[in-house]
Amino acid sequence: MTVATSPAGLDNRVVVAGVARSWRDLPAPALPSPGAVLAAGAADALAVARHHATYGSELLLAGPTRVDATMRDELRAAGFAVTLLVDGVPQTTPPATPRSPEAGRLWLLTSGSTGRPKRVGHTLDSLTTVRATQPERTWLCPYAPGSYAWWQVVTLSLTQPGQHLVVVDPDELDDWPALAATHGVDAVSGTPTFWRRTLHRDPEALARVPLRQLTLGGEPVDQAVLDRLRALFPAARISWIYASSEVGASIVVHDGRAGFPVGWLDRVTPGRPTLSLRDGELVITSPHHGVGLDGPVRTGDRAQIVDDRVLITGRLESDEINVGGSKVSAGLVRDVLTAHPRVAWARVTGRRAPVLGRMVVAEVVPTTEPLGSVTAGAPLGSAAAVPLDEGVLVRWCAERLPDYAVPRRIRLLTEIPVKETLKSDV
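The model shown is predicted, which means the values in this text are computed figures rather than measured ones.

**Student:** Give me the lowdown on the sheet that holds strand 23 (residues 357-366), citing residues and values where you can.
**Tutor:** The mixed open sheet is built from three strands, whose spatial order is 22-23-24. One side of each edge strand has no neighbouring strand; the edge strands of this open sheet are strand 22 (343-353) and strand 24 (409-412). Between one strand axis and the next, the sheet turns through 20° on average, direction left out of account. Relative to strand 23, strand 22 runs antiparallel, the two sharing 10 bridges. Bridge assignment links A346 to a residue of strand 23, and that residue is V364. On top of the sheet, helix 10 (residues 330-338) reaches strand 22, strand 23 and strand 24; it is set at about 140° to strand 22, its chief contact.

Have a look at this one:
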(Lines give C-alpha, C1' and ligand atoms only; values in the text may rest on other atoms or scores of the structure.)
Protein backbone atom coordinates (compact mmCIF):
# COMPACT_ATOMS: atom_id res chain seq x y z
CA MET A 1 0.00 0.00 0.00
CA THR A 2 1.33 3.46 -0.96
CA VAL A 3 1.42 6.05 1.83
CA ALA A 4 0.11 9.47 0.77
CA THR A 5 2.30 12.53 1.37
CA SER A 6 1.57 16.26 1.34
CA PRO A 7 3.88 18.25 -0.96
CA ALA A 8 4.98 21.56 0.60
CA GLY A 9 3.57 23.68 -2.22
CA LEU A 10 -0.04 22.46 -2.15
CA ASP A 11 -1.35 25.92 -1.22
CA ASN A 12 0.49 27.69 -4.02
CA ARG A 13 -1.74 29.35 -6.60
CA VAL A 14 -2.09 27.73 -10.02
CA VAL A 15 -3.81 29.45 -12.96
CA VAL A 16 -5.12 27.42 -15.88
CA ALA A 17 -7.29 28.89 -18.67
CA GLY A 18 -7.58 32.09 -16.65
CA VAL A 19 -8.97 30.32 -13.57
CA ALA A 20 -6.99 30.65 -10.32
CA ARG A 21 -7.03 27.93 -7.67
CA SER A 22 -4.49 26.07 -5.56
CA TRP A 23 -2.78 22.74 -6.14
CA ARG A 24 -4.99 21.42 -3.35
CA ASP A 25 -8.12 22.39 -5.31
CA LEU A 26 -7.24 20.44 -8.45
CA PRO A 27 -9.36 17.36 -9.25
CA ALA A 28 -8.04 14.00 -8.05
CA PRO A 29 -8.31 11.46 -10.88
CA ALA A 30 -8.14 7.74 -10.10
CA LEU A 31 -5.08 6.49 -11.98
CA PRO A 32 -3.50 3.03 -12.26
CA SER A 33 0.15 2.31 -11.50
CA PRO A 34 2.29 1.71 -13.52
CA GLY A 35 0.50 4.19 -15.72
CA ALA A 36 1.21 6.18 -18.87
CA VAL A 37 -1.16 9.14 -18.75
CA LEU A 38 -1.85 11.20 -21.86
CA ALA A 39 -3.23 14.46 -20.50
CA ALA A 40 -5.22 16.48 -23.03
CA GLY A 41 -5.09 19.77 -21.11
CA ALA A 42 -2.97 21.74 -18.67
CA ALA A 43 -5.33 21.22 -15.71
CA ASP A 44 -5.33 17.47 -16.31
CA ALA A 45 -1.53 17.38 -16.45
CA LEU A 46 -1.19 19.32 -13.19
CA ALA A 47 -3.68 17.02 -11.48
CA VAL A 48 -1.61 14.02 -12.57
CA ALA A 49 1.58 15.63 -11.23
CA ARG A 50 -0.07 16.26 -7.86
CA HIS A 51 -1.36 12.67 -7.81
CA HIS A 52 2.19 11.37 -8.31
CA ALA A 53 3.66 13.71 -5.67
CA THR A 54 0.98 12.58 -3.21
CA TYR A 55 0.92 8.82 -3.85
CA GLY A 56 4.26 8.00 -5.48
CA SER A 57 2.67 6.06 -8.34
CA GLU A 58 4.83 4.87 -11.21
CA LEU A 59 4.07 7.39 -13.94
CA LEU A 60 4.84 8.47 -17.47
CA LEU A 61 3.08 11.72 -18.34
CA ALA A 62 2.84 13.20 -21.85
CA GLY A 63 0.48 14.98 -24.21
CA PRO A 64 -1.58 12.74 -26.54
CA THR A 65 0.29 13.88 -29.65
CA ARG A 66 3.65 12.76 -28.24
CA VAL A 67 2.65 9.10 -27.99
CA ASP A 68 1.57 7.45 -31.23
CA ALA A 69 -0.21 4.12 -31.60
CA THR A 70 3.05 2.16 -31.88
CA MET A 71 4.42 3.70 -28.70
CA ARG A 72 1.16 3.02 -26.87
CA ASP A 73 1.51 -0.66 -27.76
CA GLU A 74 5.14 -0.59 -26.58
CA LEU A 75 4.12 0.94 -23.27
CA ARG A 76 1.38 -1.62 -22.73
CA ALA A 77 3.86 -4.42 -23.51
CA ALA A 78 6.19 -2.89 -20.89
CA GLY A 79 3.46 -3.18 -18.22
CA PHE A 80 1.91 0.31 -18.37
CA ALA A 81 -1.81 0.94 -18.37
CA VAL A 82 -2.37 3.73 -20.92
CA THR A 83 -4.86 6.39 -19.85
CA LEU A 84 -6.24 9.22 -21.94
CA LEU A 85 -7.32 11.93 -19.50
CA VAL A 86 -9.73 14.57 -20.84
CA ASP A 87 -11.32 17.13 -18.48
CA GLY A 88 -10.68 14.84 -15.53
CA VAL A 89 -12.32 11.81 -17.13
CA PRO A 90 -9.92 8.85 -17.61
CA GLN A 91 -10.21 6.30 -20.40
CA THR A 92 -7.80 3.48 -19.57
CA THR A 93 -6.49 0.60 -21.65
CA PRO A 94 -4.95 -2.09 -19.40
CA PRO A 95 -1.37 -3.31 -19.88
CA ALA A 96 -0.72 -6.22 -22.22
CA THR A 97 1.77 -7.63 -19.71
CA PRO A 98 0.79 -6.66 -16.14
CA ARG A 99 3.55 -6.13 -13.57
CA SER A 100 4.05 -4.65 -10.11
CA PRO A 101 4.69 -0.87 -9.99
CA GLU A 102 8.05 0.63 -9.07
CA ALA A 103 7.13 3.06 -6.30
CA GLY A 104 8.11 6.68 -6.92
CA ARG A 105 9.37 6.12 -10.46
CA LEU A 106 8.80 8.95 -12.96
CA TRP A 107 9.45 8.26 -16.63
CA LEU A 108 10.30 11.01 -19.09
CA LEU A 109 10.32 10.81 -22.87
CA THR A 110 13.37 12.29 -24.56
CA SER A 111 12.79 14.96 -27.19
CA GLY A 112 13.36 12.47 -30.01
CA SER A 113 15.89 14.73 -31.78
CA THR A 114 18.00 11.69 -32.66
CA GLY A 115 15.09 9.39 -33.57
CA ARG A 116 12.11 7.99 -31.66
CA PRO A 117 11.73 9.23 -28.09
CA LYS A 118 13.22 6.98 -25.40
CA ARG A 119 12.09 6.49 -21.80
CA VAL A 120 14.39 7.83 -19.09
CA GLY A 121 13.68 6.99 -15.45
CA HIS A 122 13.72 9.62 -12.69
CA THR A 123 12.11 10.32 -9.33
CA LEU A 124 10.48 13.49 -8.09
CA ASP A 125 13.61 13.98 -6.00
CA SER A 126 16.01 13.73 -8.96
CA LEU A 127 13.85 16.19 -10.93
CA THR A 128 13.73 18.69 -8.06
CA THR A 129 17.04 20.49 -8.57
CA VAL A 130 16.03 23.80 -6.93
CA ARG A 131 16.23 23.16 -3.21
CA ALA A 132 17.40 26.43 -1.63
CA THR A 133 14.65 28.72 -0.40
CA GLN A 134 13.55 31.01 -3.22
CA PRO A 135 12.01 34.50 -3.18
CA GLU A 136 8.28 34.41 -3.81
CA ARG A 137 7.62 34.18 -7.54
CA THR A 138 4.74 33.67 -9.96
CA TRP A 139 6.08 31.49 -12.78
CA LEU A 140 4.75 31.16 -16.29
CA CYS A 141 5.06 27.61 -17.67
CA PRO A 142 4.67 27.29 -21.47
CA TYR A 143 6.17 23.80 -21.87
CA ALA A 144 4.51 20.62 -23.09
CA PRO A 145 3.24 18.49 -20.16
CA GLY A 146 5.62 15.75 -19.06
CA SER A 147 8.75 17.23 -20.67
CA TYR A 148 11.85 17.70 -18.54
CA ALA A 149 11.48 21.50 -18.62
CA TRP A 150 7.80 21.22 -17.62
CA TRP A 151 8.70 19.08 -14.61
CA GLN A 152 11.41 21.58 -13.59
CA VAL A 153 8.86 24.38 -13.22
CA VAL A 154 6.14 22.12 -11.80
CA THR A 155 8.37 20.55 -9.13
CA LEU A 156 9.46 24.02 -8.02
CA SER A 157 5.82 24.99 -7.45
CA LEU A 158 4.91 21.66 -5.86
CA THR A 159 7.82 21.53 -3.42
CA GLN A 160 8.33 25.17 -2.35
CA PRO A 161 5.80 27.49 -0.75
CA GLY A 162 5.47 30.85 -2.49
CA GLN A 163 6.16 29.52 -6.01
CA HIS A 164 2.95 30.16 -7.88
CA LEU A 165 2.20 28.91 -11.39
CA VAL A 166 0.46 30.22 -14.49
CA VAL A 167 0.19 27.57 -17.22
CA VAL A 168 -0.09 28.43 -20.90
CA ASP A 169 -1.93 26.08 -23.22
CA PRO A 170 -0.76 25.92 -26.88
CA ASP A 171 -3.67 28.07 -28.11
CA GLU A 172 -2.63 30.82 -25.65
CA LEU A 173 1.04 30.83 -26.58
CA ASP A 174 1.06 33.85 -28.90
CA ASP A 175 -0.77 36.00 -26.33
CA TRP A 176 1.13 34.92 -23.24
CA PRO A 177 2.45 38.41 -22.29
CA ALA A 178 -1.11 39.69 -21.77
CA LEU A 179 -1.97 36.60 -19.72
CA ALA A 180 1.22 37.01 -17.68
CA ALA A 181 0.55 40.69 -16.96
CA THR A 182 -3.02 39.91 -15.86
CA HIS A 183 -1.93 37.26 -13.34
CA GLY A 184 1.16 38.97 -11.91
CA VAL A 185 3.79 36.75 -13.54
CA ASP A 186 7.29 37.92 -12.66
CA ALA A 187 9.30 34.81 -13.68
CA VAL A 188 9.23 32.95 -17.01
CA SER A 189 11.06 29.86 -18.23
CA GLY A 190 11.14 29.23 -21.99
CA THR A 191 13.31 28.08 -24.85
CA PRO A 192 15.35 30.63 -26.84
CA THR A 193 12.85 30.09 -29.68
CA PHE A 194 9.99 30.95 -27.29
CA TRP A 195 11.72 34.22 -26.36
CA ARG A 196 12.66 35.06 -29.97
CA ARG A 197 9.06 34.54 -31.12
CA THR A 198 7.78 36.91 -28.46
CA LEU A 199 10.44 39.53 -29.22
CA HIS A 200 9.50 39.19 -32.88
CA ARG A 201 5.72 39.29 -32.52
CA ASP A 202 5.10 41.82 -29.73
CA PRO A 203 8.10 43.27 -27.88
CA GLU A 204 5.95 46.09 -26.49
CA ALA A 205 3.60 43.62 -24.76
CA LEU A 206 6.58 41.69 -23.42
CA ALA A 207 8.10 44.86 -21.96
CA ARG A 208 4.89 45.43 -19.95
CA VAL A 209 5.34 42.17 -18.01
CA PRO A 210 7.15 42.99 -14.72
CA LEU A 211 9.73 40.22 -15.02
CA ARG A 212 12.38 39.72 -12.36
CA GLN A 213 13.58 36.28 -13.57
CA LEU A 214 13.98 35.15 -17.19
CA THR A 215 15.20 31.62 -17.88
CA LEU A 216 16.27 30.17 -21.23
CA GLY A 217 16.91 26.47 -21.86
CA GLY A 218 16.43 23.55 -24.21
CA GLU A 219 18.43 24.96 -27.13
CA PRO A 220 21.74 26.71 -27.84
CA VAL A 221 21.53 30.35 -26.78
CA ASP A 222 23.24 33.14 -28.70
CA GLN A 223 24.45 36.50 -27.46
CA ALA A 224 21.91 38.42 -29.55
CA VAL A 225 18.82 37.08 -27.77
CA LEU A 226 20.46 37.59 -24.37
CA ASP A 227 21.31 41.19 -25.26
CA ARG A 228 17.79 41.92 -26.52
CA LEU A 229 16.23 40.56 -23.35
CA ARG A 230 18.69 42.52 -21.22
CA ALA A 231 17.76 45.71 -23.05
CA LEU A 232 14.06 45.15 -22.18
CA PHE A 233 14.69 43.99 -18.59
CA PRO A 234 17.86 45.69 -17.32
CA ALA A 235 17.19 44.85 -13.66
CA ALA A 236 16.05 41.22 -14.07
CA ARG A 237 18.15 38.11 -13.58
CA ILE A 238 18.59 36.32 -16.91
CA SER A 239 19.64 32.67 -16.67
CA TRP A 240 20.59 30.10 -19.27
CA ILE A 241 20.17 26.44 -18.22
CA TYR A 242 21.52 23.36 -19.97
CA ALA A 243 19.40 20.37 -19.02
CA SER A 244 18.22 17.11 -20.52
CA SER A 245 16.17 14.07 -19.58
CA GLU A 246 19.37 12.02 -19.37
CA VAL A 247 21.59 14.23 -17.18
CA GLY A 248 19.16 16.67 -15.56
CA ALA A 249 19.96 20.34 -15.00
CA SER A 250 23.73 20.48 -15.47
CA ILE A 251 24.75 24.03 -16.37
CA VAL A 252 23.30 27.28 -15.02
CA VAL A 253 24.74 30.62 -16.16
CA HIS A 254 23.61 34.03 -14.87
CA ASP A 255 26.27 36.38 -16.27
CA GLY A 256 24.44 37.39 -19.46
CA ARG A 257 27.02 35.85 -21.78
CA ALA A 258 26.43 32.99 -24.20
CA GLY A 259 28.01 29.66 -23.25
CA PHE A 260 29.79 28.96 -19.98
CA PRO A 261 33.30 29.76 -18.65
CA VAL A 262 36.18 27.55 -19.83
CA GLY A 263 37.25 27.27 -16.19
CA TRP A 264 34.20 25.08 -15.48
CA LEU A 265 35.54 22.27 -17.67
CA ASP A 266 36.75 19.17 -15.79
CA ARG A 267 36.04 20.80 -12.44
CA VAL A 268 35.09 18.13 -9.90
CA THR A 269 32.83 19.42 -7.11
CA PRO A 270 30.85 17.05 -4.85
CA GLY A 271 27.13 17.22 -5.63
CA ARG A 272 27.62 19.09 -8.90
CA PRO A 273 27.89 17.90 -12.51
CA THR A 274 31.33 17.52 -14.10
CA LEU A 275 31.56 19.00 -17.62
CA SER A 276 34.05 17.79 -20.22
CA LEU A 277 34.75 18.01 -23.95
CA ARG A 278 35.64 14.93 -25.98
CA ASP A 279 36.26 15.34 -29.71
CA GLY A 280 34.09 18.44 -29.75
CA GLU A 281 31.20 16.79 -27.87
CA LEU A 282 29.88 17.88 -24.47
CA VAL A 283 30.19 15.06 -21.93
CA ILE A 284 28.49 15.32 -18.53
CA THR A 285 28.70 13.29 -15.34
CA SER A 286 25.73 14.40 -13.26
CA PRO A 287 24.23 13.63 -9.84
CA HIS A 288 20.82 14.44 -11.38
CA HIS A 289 21.07 11.70 -14.02
CA GLY A 290 18.37 9.32 -15.13
CA VAL A 291 18.34 5.63 -14.22
CA GLY A 292 21.45 3.80 -15.40
CA LEU A 293 23.24 6.98 -16.50
CA ASP A 294 25.50 7.46 -13.50
CA GLY A 295 28.80 7.76 -15.40
CA PRO A 296 29.99 10.11 -18.14
CA VAL A 297 27.18 10.68 -20.65
CA ARG A 298 27.90 11.77 -24.19
CA THR A 299 25.21 14.38 -24.79
CA GLY A 300 25.30 14.47 -28.59
CA ASP A 301 25.76 18.25 -28.44
CA ARG A 302 28.66 19.94 -30.20
CA ALA A 303 30.65 22.41 -28.12
CA GLN A 304 33.55 24.70 -29.05
CA ILE A 305 35.89 26.91 -27.07
CA VAL A 306 35.77 30.50 -28.28
CA ASP A 307 38.02 32.84 -26.29
CA ASP A 308 37.16 32.23 -22.61
CA ARG A 309 33.76 30.55 -23.21
CA VAL A 310 32.49 27.12 -24.14
CA LEU A 311 29.72 27.56 -26.71
CA ILE A 312 27.19 24.80 -27.42
CA THR A 313 26.38 25.21 -31.10
CA GLY A 314 23.95 22.36 -31.89
CA ARG A 315 23.54 18.63 -32.34
CA LEU A 316 26.62 16.77 -33.58
CA GLU A 317 24.82 15.14 -36.48
CA SER A 318 23.53 18.46 -37.83
CA ASP A 319 25.93 21.18 -36.69
CA GLU A 320 28.99 20.29 -38.78
CA ILE A 321 28.85 21.08 -42.50
CA ASN A 322 31.73 19.87 -44.66
CA VAL A 323 32.33 22.39 -47.44
CA GLY A 324 35.04 21.14 -49.80
CA GLY A 325 36.96 19.64 -46.89
CA SER A 326 36.57 22.66 -44.58
CA LYS A 327 34.39 22.18 -41.51
CA VAL A 328 31.72 24.78 -40.79
CA SER A 329 29.70 25.04 -37.57
CA ALA A 330 26.08 25.76 -38.49
CA GLY A 331 25.57 27.15 -34.98
CA LEU A 332 28.37 29.68 -35.26
CA VAL A 333 27.09 30.85 -38.66
CA ARG A 334 23.62 31.13 -37.11
CA ASP A 335 25.04 33.30 -34.34
CA VAL A 336 26.62 35.63 -36.90
CA LEU A 337 23.27 36.02 -38.66
CA THR A 338 21.29 36.63 -35.45
CA ALA A 339 23.84 39.24 -34.41
CA HIS A 340 22.53 41.43 -37.25
CA PRO A 341 20.26 44.06 -35.65
CA ARG A 342 17.42 43.31 -38.07
CA VAL A 343 17.42 39.48 -37.76
CA ALA A 344 14.96 37.90 -35.31
CA TRP A 345 15.79 34.24 -36.01
CA ALA A 346 17.96 32.13 -38.32
CA ARG A 347 18.41 28.49 -39.28
CA VAL A 348 21.59 27.28 -41.01
CA THR A 349 21.95 23.96 -42.82
CA GLY A 350 24.03 22.28 -45.51
CA ARG A 351 22.86 21.55 -49.05
CA ARG A 352 24.36 19.35 -51.74
CA ALA A 353 26.51 21.32 -54.18
CA PRO A 354 28.64 20.42 -57.23
CA VAL A 355 32.42 20.37 -56.69
CA LEU A 356 32.23 21.36 -52.99
CA GLY A 357 29.91 18.51 -51.99
CA ARG A 358 28.00 20.75 -49.56
CA MET A 359 27.33 24.46 -49.30
CA VAL A 360 25.96 26.57 -46.47
CA VAL A 361 22.38 27.84 -46.80
CA ALA A 362 20.15 29.69 -44.36
CA GLU A 363 16.61 30.76 -43.55
CA VAL A 364 16.10 34.08 -41.76
CA VAL A 365 13.16 35.87 -40.15
CA PRO A 366 13.65 39.65 -40.18
CA THR A 367 12.51 41.79 -37.28
CA THR A 368 9.05 43.31 -37.71
CA GLU A 369 9.81 46.80 -36.42
CA PRO A 370 9.48 49.59 -38.98
CA LEU A 371 12.91 50.51 -40.26
CA GLY A 372 12.78 53.94 -38.64
CA SER A 373 12.14 52.51 -35.16
CA VAL A 374 15.13 50.20 -35.48
CA THR A 375 17.44 52.85 -36.83
CA ALA A 376 16.71 55.83 -34.61
CA GLY A 377 20.12 57.32 -34.04
CA ALA A 378 21.84 54.71 -36.23
CA PRO A 379 24.62 56.11 -38.45
CA LEU A 380 23.73 56.37 -42.13
CA GLY A 381 24.88 53.18 -43.87
CA SER A 382 25.05 51.13 -40.66
CA ALA A 383 23.55 47.62 -40.56
CA ALA A 384 20.47 48.85 -38.68
CA ALA A 385 19.84 51.56 -41.29
CA VAL A 386 19.81 49.30 -44.36
CA PRO A 387 16.67 47.41 -45.52
CA LEU A 388 17.19 43.68 -45.17
CA ASP A 389 17.56 41.36 -48.16
CA GLU A 390 19.65 38.35 -49.15
CA GLY A 391 22.51 40.45 -50.50
CA VAL A 392 22.78 42.50 -47.30
CA LEU A 393 23.00 39.35 -45.19
CA VAL A 394 25.55 37.66 -47.45
CA ARG A 395 27.78 40.75 -47.20
CA TRP A 396 27.27 40.82 -43.41
CA CYS A 397 28.46 37.22 -43.16
CA ALA A 398 31.33 37.73 -45.62
CA GLU A 399 32.76 40.43 -43.33
CA ARG A 400 32.75 38.05 -40.34
CA LEU A 401 33.29 34.52 -41.67
CA PRO A 402 35.77 32.71 -43.90
CA ASP A 403 34.56 32.46 -47.50
CA TYR A 404 33.65 28.75 -47.28
CA ALA A 405 31.33 29.44 -44.30
CA VAL A 406 29.32 32.25 -45.93
CA PRO A 407 25.76 31.15 -46.80
CA ARG A 408 25.27 30.93 -50.58
CA ARG A 409 21.49 31.03 -50.37
CA ILE A 410 19.44 32.90 -47.75
CA ARG A 411 15.64 32.66 -47.77
CA LEU A 412 13.59 35.22 -45.82
CA LEU A 413 10.58 33.90 -43.85
CA THR A 414 7.80 35.87 -42.16
CA GLU A 415 7.28 33.74 -39.01
CA ILE A 416 9.59 31.91 -36.63
CA PRO A 417 8.79 28.17 -36.85
CA VAL A 418 8.23 26.38 -33.56
CA LYS A 419 7.51 22.78 -32.59
CA GLU A 420 5.40 21.42 -29.74
CA THR A 421 8.59 21.32 -27.67
CA LEU A 422 8.91 25.15 -28.13
CA LYS A 423 12.10 24.53 -30.10
CA SER A 424 13.04 25.33 -33.65
CA ASP A 425 14.60 22.64 -35.77
CA VAL A 426 18.08 24.18 -35.68
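**Student:** Go over the packing of aromatic side chains with me, naming the residues and quoting the values.
**Tutor:** Inspection of every chain in the model, using the stated rule, returns five aromatic pairs. On the basis of an interplanar angle of 85° and a centroid distance of 5.1 Å, the ring pair of W150 and W151 is categorised as edge-to-face. Overall, W151 belongs to the buried group, its relative accessible area being 0%. Ring geometry for F194 against W195: centres 5.4 Å apart, planes inclined by 80°, an arrangement best described as edge-to-face.

**Student:** Could you give me a rundown of the pattern of salt bridges, with the residues and numbers involved?
**Tutor:** Within the structure shown, the criterion is met by 19 salt bridges. As a salt-bridge pair, D308 and R257 come within 2.9 Å of each other at their nearest N and O atoms. Here D308 is found in the loop between strand 18 (297-306) and strand 19 (309-315), whereas its partner R257 is found in the loop between strand 14 (248-253) and strand 15 (260-261), with 51 residues between them in sequence. According to the relative accessible area criterion, D308 is partly exposed, its value standing at 39%. Take R257: its relative accessible area is 36%, and that puts it in the partly exposed class. Residue R408 is joined to D403 by a salt bridge in which the shortest nitrogen-to-oxygen separation is 3.2 Å. Salt bridges linked by common partners bring D174, R197, R201 and E415 together as one network.

**Student:** Please provide a residue-by-residue account of the environment of G295, values included.
**Tutor:** Looking at the element boundaries, G295 is found in the loop between strand 17 (281-285) and strand 18. Of the residues examined, G295 reaches a relative accessible area of 24% and is grouped as partly exposed. Residues G295 and R309 lie 14 residues apart in sequence; the distance between their C-alpha atoms is 25 Å. Aside from chain neighbours lying at most four places away, what touches G295 is I284 and T285.

**Student:** Which residues make up the confidence of the model for the protein, and what are the values?
**Tutor:** The pLDDT averaged across the protein works out to 91; a share of 93% of its residues lies at or above 70. Per-element mean pLDDT across the protein ranges from 42 in helix 11 (residues 371-375) up to 98 in strand 15. Counting interchain partners and residues more than four positions distant, the pLDDT-below-50 stretch residues 370-378 has 13 contacts.

**Student:** Kindly report on the nonpolar core, identifying the contributing residues and their values.
**Tutor:** In this structure, L46, W150, W151, L165 and W195 are the most contacted members of the largest nonpolar core, which totals 78 residues. Those residues in contact with L165 that sit more than four places away from it in its chain are R13, V14, V15, W23, L46, W139, C141, V153, V154 and S157. Counting 22 residues, the second-largest nonpolar core is a separate cluster that includes L337, A346, L388 and C397.

**Student:** Before we move on, can you summarise the environment of G88 with the specific residues and values?
**Tutor:** Here G88 shows up in the loop between strand 5 (81-86) and strand 6 (89-93). On a C-alpha basis, the gap between G88 and K423 in space is 29 Å, while along the polypeptide they are 335 residues apart.

**Student:** Explain empty space enclosed by the protein to me, using residue names and the numbers behind them.
**Tutor:** To locate leftover empty space, one rolls a probe as large as a water molecule over the atoms. Under the defined criterion, the tally for this structure stands at four cavities of 30 Å³ or more. Its volume calculated, the largest cavity comes out at about 80 Å³. Looking at the largest cavity, the residues that line it are L173, D174, W176, P177, F194, R197, T198, R201 and D202. Ranked by the residues each element gives to the lining of the largest cavity, the list is headed by helix 6 (residues 192-201), at four residues. A class-by-class count of the residues in the lining of the largest cavity yields four nonpolar, one polar and four charged.

**Student:** I'd like to hear about the pairing of strand 3 (residues 35-39), residue by residue, with values.
**Tutor:** Across the five residues of strand 3, five count as buried, placing the element largely inside the fold. Handedness of the crossover joining strand 3 and strand 4 (residues 59-62) through helix 1 (residues 42-55) is recorded here as right-handed. Strand direction decides the pairing type here: strand 3 and strand 5, joined by five bridges, are parallel. Note on strand 5: the bridge partner recorded for G35 is A81.

**Student:** So what about the sheet that holds strand 18? Which residues, and what values?
**Tutor:** Either a parallel or an antiparallel arrangement is found when strands of a sheet pair, and the pairing is made through backbone hydrogen bonds. Spatial ordering of the open sheet is given by 15-19-18-17-16, a layout of five strands whose pairing is antiparallel. A strand with exactly one partner marks an edge of an open sheet, and here the two such strands are strand 15 and strand 16 (274-278). Pairing of strand 18 with strand 19 involves six bridges; the strand directions are antiparallel. Following the sheet pairing, I305 is matched in strand 19 by V310.

**Student:** Explain the packing of helix 6 against helix 8 (residues 223-232) residue by residue, including any values.
**Tutor:** At a closest axis distance of 11 Å, the pairing of helix 6 and helix 8 adopts a crossing angle of 55°. Taken as axis vectors, helix 6 and helix 8 run oblique relative to one another. Here the hand of the crossing between helix 6 and helix 8 comes out left-handed. Between helix 6 and helix 8, the residues in contact are W195, R196 and L199 and V225, R228, L229 and L232, respectively.

**Student:** Residue-level account of helix 8, with values.
**Tutor:** Among the residues of helix 8, those classed as buried are A224, V225, L226 and L229. Taking the backbone nitrogen of A224 as reference, a side-chain oxygen 2.9 Å away marks D222 as the first, capping residue of helix 8.

Rules and cut-offs
- Residues numbered from 1 in each chain as written.
- Predicted model: local features only at pLDDT ≥ 70, side-chain atom pairs only at ≥ 80, totals over all residues.
- Heavy atoms only, no water.
- Pairing = 2+ DSSP bridges.
- Helix = DSSP H or I, 4+ residues; strand = E, 2+ residues; numbered from the N terminus.
- Axes fitted to C-alpha atoms, helices over the stretch in contact; angles between N-to-C directions.
- Contact = heavy atoms within 4.5 Å.
- Phe/Tyr/Trp six-rings, centres within 6.5 Å; stacked < 30°, edge-to-face > 60°.
- Buried < 20%, exposed > 50% of the residue type's maximum accessible area, 1.4 Å probe, protein only.
- Salt bridge = Lys/Arg side-chain N within 4 Å of Asp/Glu carboxyl O.
- pLDDT = per-residue confidence, 0-100.
- Core = buried A, V, L, I, M, F, W, Y, C linked by side-chain atoms within 4.5 Å.
- 1 Å grid on protein atoms, 1.4 Å probe; cavity = no way out; pocket = protein on both sides within 12 Å on 5 of 7 lines; lining within 4 Å.
- Points joined across faces, edges and corners; volume = space filled by probe spheres on them.
- Nonpolar A, V, L, I, M, F, W, Y, C, P; charged D, E, K, R; others polar.
- Right-handed = clockwise from strand over helix to strand, strands pointing away.
- Parallel < 35°, antiparallel > 145°, perpendicular 65-115°, else oblique.
- Left-handed = near helix turned anticlockwise from the far one by under 90°.
- Polar contact = N/O pair within 3.5 Å; in protein donor to acceptor, adjacent residues only side chain to side chain.

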